[in-house]
Amino acid sequence: MHPQRLFASCPTQRAIATELYEAVRSLPIISPHGHTDPRWFAENMPFANPADLLIKPDHYLLRMLYSQGIDLETLGLSSAEAGDGLASADPEQVWQVFAAHYHLFRGTPTRLWMDHVLAEVFGVEEQLGVDSSSRIYASISNQLGKPEFLPRALFERFNIEVLATTESPLDPLIAHQALQADPWQGRVITAFRPDPVVDPDYEGFAGNVQQLAALSGEDCDTYASYLRALRERRAFFKSMGATSTDHGHPSAHTEDLQAADCERLYRAALKGELTSGDAERFRGQMLLEMALMSIDDGLVMQLHPGVYRNHNPQLFTRFGRDKGADIPLPGEFVRQLKPLLDRVGNRSDFTLILFTLDETTYARELAPLAGHYPALKLGPAWWFHDSPEGMLRYRQQITETAGFYNTVGFNDDTRAFLSIPARHDVARRIDARFLAQLVAEHRLQLDEAHQLMQDLTCNLARAAYKL
């Protein structure tokens, strides 16, 4: 991999970017939001094989391969039709299918991440393809059995200072409890993701609320007791290290309803009788309730809206969530967030971090909002825009109105553990590239750019997420 990859071709800017990047390349990784499995670190068992580790959890890989007609069962995923819930595909055959189609990822961020993993983590010195597939698979398999490739050893090798996983309120957090009782010093914390019990359209909503009642000790028969149950679960998550909540709503719509309306919507939600409009109103009210709870318990709030989840119903029925069938939607924030901002937007003791998959909102809505309201911060370029070009567009459109210090640095938001260093490396390189242009154009002093690199790499995430 070229040491100056992703830097501008202009020699002056490339030299500045190289200096800026080298100053931060070895700083610790702050990973305040992601979806890795905490059991990996609690149990510290060897990863099974290259396919299970690198392919099956990564929906970026799955969606591209599926788009070319490769069935997910061929990639080792189990389907409902299998009956026993076990994947039948041989892991090495899964790897061979992936290697044979590796050319599909040319020019994508997935290719950057995977090349980084193969070269930097496993020392692979040849290009992945049909001819090299078996050799690379055997090499990785051999390494995965060694102590230095156990999850905790990799965590330390990657220089991860803190890593946040994301769990449902219905999760008993067994792995996190084990980690708290373990003398290992790696910091793995949880984050509170209440979607299954605050979104009436989430599958099994009424049953989920019943589980919430059982876990919290509140009956959840009324809206008030339902809110108490949510507070109890938040407190439990906080005791397990959580500093943040996360909300994956279809939109940023918020409400500030009267108590009677809240009660009516809640009862209808439990019965499955809400219209689509009322379901949106209920979700909007719950965002306000979560914000008010954050003021009480200090948890930072994240909002990841604007995704049509499980767009492919056949795929969802066969394989479930998070298999690459989620599609971005247009976003709107100025009007939709106003009820919440009217209540809490002017508070400096509350933080709401906003993400979007609609880049047209960067300069028009998000940057002006975060550039005004003390409660708002902007998350990094997310998901489909977590790419070199996406990161550059984000900085170009956000910075002129919101600056750098109304943003929160980078988070990787990944299930693919070994790609975390690769993703953070790309972010550091792109920030160095962006700042190098400002220095070269005499819009920023070099010493200021060095300070910004430190802040964008570590300091802003530590502060925003209370880490």
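Numbering of residues begins from 1 in every chain and follows the order in which that chain's sequence is written. For this predicted model, a pLDDT threshold of at least 70 governs which residues receive local features, and a threshold of 80 or more governs which side-chain atom pairs are given and counted, while totals over whole chains, interfaces and linings are taken from all residues. With hydrogens and water set aside, each side-chain value is computed from the structure's full complement of heavy atoms.

Caption draft 1: Seen up close, the sheet that holds strand β9 (residues 376-378). Strand order in the open sheet formed by four strands is β4-β5-β8-β9, with parallel pairing between adjacent strands. With partners counted over all chains shown, the strands left at the sheet margins are β4 (244-247) and β9, one partner each. Here the average twist between neighbouring strands, direction ignored, is 25 degrees. Across the sheet, helix α17 (residues 361-370) is in contact with β8 (352-354) and β9; its angle to β9 comes to roughly 130 degrees. Between any two strands, at least two bridges found by DSSP are needed for them to pair. What counts as a helix is a DSSP run of H or I of at least four residues, what counts as a strand is a run of E of at least two, and both are numbered from the N terminus. The angle between two axes is taken between their N-to-C directions and runs from 0 to 180 degrees, where each axis is a line fitted to C-alpha atoms and a helix contributes only its stretch in contact. Residue contacts follow a heavy-atom distance rule, with two residues in contact if any of their heavy atoms lie within 4.5 Å.

Caption draft 2: Inspection of a nonpolar patch on the surface at higher detail. Residues with no salt bridge and a relative accessible area higher than 30% make up the patches, which join like charges within 9 Å and nonpolar side chains (Val, Leu, Ile, Met, Phe, Trp, Tyr) within 5 Å. Surface accessibility in these figures is a Shrake-Rupley result with a 1.4 Å probe; residues are shielded only by whichever protein chains are displayed. We define a salt bridge as a side-chain nitrogen of Lys or Arg found within 4 Å of a carboxyl oxygen belonging to Asp or Glu. A cluster of nonpolar residues, Tyr308, Ile327 and Leu329, forms a patch on the protein surface that exposes about 240 Å² of accessible area. Relative to the helices and strands, Leu329 resides in the loop between β7 (327-328) and α16 (338-344). Buried residues are those whose accessible area, probed at 1.4 Å on protein chains only, stays under 20% of the maximum for their type, while exposed residues exceed 50% and partly exposed ones sit between those limits. Residue Leu329 is classed as partly exposed on the basis of its relative accessible area of 31%.

Caption draft 3: Region of interest: the pairing of β4. Alternating residues of β4 divide into Ser244 and Asp246 and Thr245 and His247, and every residue in both groups is buried. Here four bridges tie β4 to strand β5 (residues 300-303), and the two strands are oriented parallel to one another. For Ser244, the partnering residue across the bridge sits in β5 and is Val300.

Caption draft 4: Inspection of the side chain of Arg423 at higher detail. With respect to the secondary-structure elements, Arg423 resides in helix α19 (residues 420-440). Looking at Arg423, the relative accessible area reads 0%, which means it is buried. Residues contacting Arg423, with those up to four places away along its chain left out, are Asp58, Tyr60, Trp113, Asp386, Phe410, Asp412 and Thr414.

Caption draft 5: Seen up close, helix α4 (residues 59-67). Here α4 has its buried residues at His59, Tyr60, Leu61, Leu62 and Leu65. The elements touched by buried residues of α4 are α3 (50-54), α5 (91-100), α6 (109-121) and α19. Contacts described as polar in this section are N or O atom pairs within 3.5 Å, which, within protein, must combine one atom able to donate a hydrogen with one able to accept it, while residues neighboring in sequence count only if both atoms come from side chains. With a side-chain oxygen lying 3.1 Å from the backbone nitrogen of Tyr60, the N-terminal cap of α4 falls on Asp58. With its phi angle positive at about 90 degrees, Gly69 sits one or two positions after the end of α4.

Caption draft 6: Summary view of helix α18 (residues 388-402). In this analysis, the expected span of each helix is defined as 1.5 Å times one less than the number of residues it contains. Over its 15 residues, α18 runs 20 Å from end to end, which matches the ideal 21 Å to within 8%, given 1.5 Å per residue. On its buried face, α18 sits against α6, α17, β9, α19 and α20 (446-464). Directly after α18, the chain includes Gly403, whose backbone phi takes a positive value near 70 degrees.

Caption draft 7: Structural view of the packing of aromatic side chains. Pairing of aromatic rings covers Phe, Tyr and Trp, the last counted by its six-membered ring, and requires centre-to-centre distances within 6.5 Å; plane angles under 30 degrees mean stacked, over 60 mean edge-to-face, and any other angle means tilted. Enumeration over the complete set of coordinates arrives at 29 aromatic pairs. Judged by centre distance (5.1 Å) and plane angle (80 degrees), the ring pair of Phe41 and Phe417 falls under edge-to-face. Of this pair, Phe41 sits in helix α2 (residues 38-43) while Phe417 sits in the loop between α18 and α19; the two residues are 376 residues apart in sequence, bridging distant segments of the chain. Assessed through its relative accessible area of 1%, Phe417 is described here as buried. Consider the rings of Phe155 and Trp184, whose centres lie 5.1 Å apart with planes at 70 degrees: the pair is edge-to-face. With Phe155 in helix α8 (residues 151-157) and Trp184 in the loop between α9 (174-181) and β3 (188-189), this pair connects stretches of sequence that are 29 residues apart. The class for Phe155 is buried, based on a relative accessible area of 1%. The buried category is assigned to Trp184, whose relative accessible area is 14%. Through a chain of ring-to-ring contacts, the aromatic side chains of Trp40, Phe41, Phe47, Phe155, Phe158, Trp184 and Phe417 assemble into a single cluster.

Caption draft 8: Quick peek at the packing of α19 against α20. With their axes 10 Å apart at the nearest point, α19 and α20 run at an angle of 160 degrees to one another. Viewed along their axes, α19 and α20 adopt a mutual orientation that is roughly antiparallel. Both α19 and α20 take part in a crossing whose hand is right-handed. Of α20, the residues touching α19 (which contributes Arg428, Asp431, Ala432, Leu435 and Val439) are Leu446, Ala449, Leu452, Met453, Leu456 and Thr457. Polarity classes work like this: nonpolar for Ala, Val, Leu, Ile, Met, Phe, Trp, Tyr, Cys and Pro, charged for Asp, Glu, Lys and Arg, and polar for all others, with Gly in that last group. Of the residues assigned to the contact of α19 with α20, the class counts are eight nonpolar, one polar and two charged. Roughly parallel here means an angle under 35 degrees, roughly antiparallel means over 145, roughly perpendicular means 65 to 115, and every remaining angle is called oblique. It is the rotation of the near helix from the far one that decides the hand of a crossing: anticlockwise by less than a right angle makes it left-handed, clockwise makes it right-handed.

Caption draft 9: Expanded view of the environment of Gln445. Summarising the element assignment, Gln445 is placed in the loop between α19 and α20. Overall, the relative accessible area of 52% leaves Gln445 in the exposed class. For the pair Gln445 and Leu435, spaced 10 residues apart in sequence, the C-alpha separation works out to 9.7 Å.

Caption draft 10: View of the pattern of salt bridges. With the rule as written, the count across this model stands at 34 salt bridges. With a closest N to O distance of 2.8 Å, Glu203 and Arg321 form a salt bridge. Here Arg321 lies in the loop between α15 (313-319) and β7 and Glu203 lies in the loop between α10 (195-198) and α11 (205-216), a separation of 118 residues in the sequence. Here the salt bridges share partners, and the residues they tie into one network are Asp199, Asp201, Glu280 and Arg283.

Caption draft 11: Spatial organisation of the packing of helix α13 (residues 259-271) against helix α14 (residues 276-297). Running from N to C, α13 and α14 point in directions that differ by 120 degrees, and their axes come no closer than 10 Å. In terms of orientation, α13 and α14 fall into the oblique class. The crossing of α13 and α14 is left-handed. Across the interface between the two elements, Cys262, Arg264, Leu265 and Tyr266 of α13 pack against Asp278, Arg281, Phe282 and Gln285 of α14. Each residue belonging to the contact of α13 with α14 can be placed in one class, and the counts come to four nonpolar, one polar and three charged.

Caption draft 12: Broad picture of the pairing of strand β2 (residues 160-164). Counting buried positions along β2 yields four of five residues, so the element is predominantly enclosed. The pairing of strand β1 (residues 29-31) with β2 spans three bridges and is classified as parallel. Residue Ile30 lies in a different strand from β2, and its bridge partner there is Val162. One ladder, built from two bridges, connects β2 with β3; its direction is parallel.

Caption draft 13: Region of the structure containing the sheet that holds β3. Within the open sheet, the three strands sit side by side as β1-β2-β3. Their pairing is parallel. Because the sheet does not close on itself, it has two edges, and the strands there are β1 and β3. Those strands touched by α19 are β1 and β2, and its axis lies near 105 degrees from that of β1.

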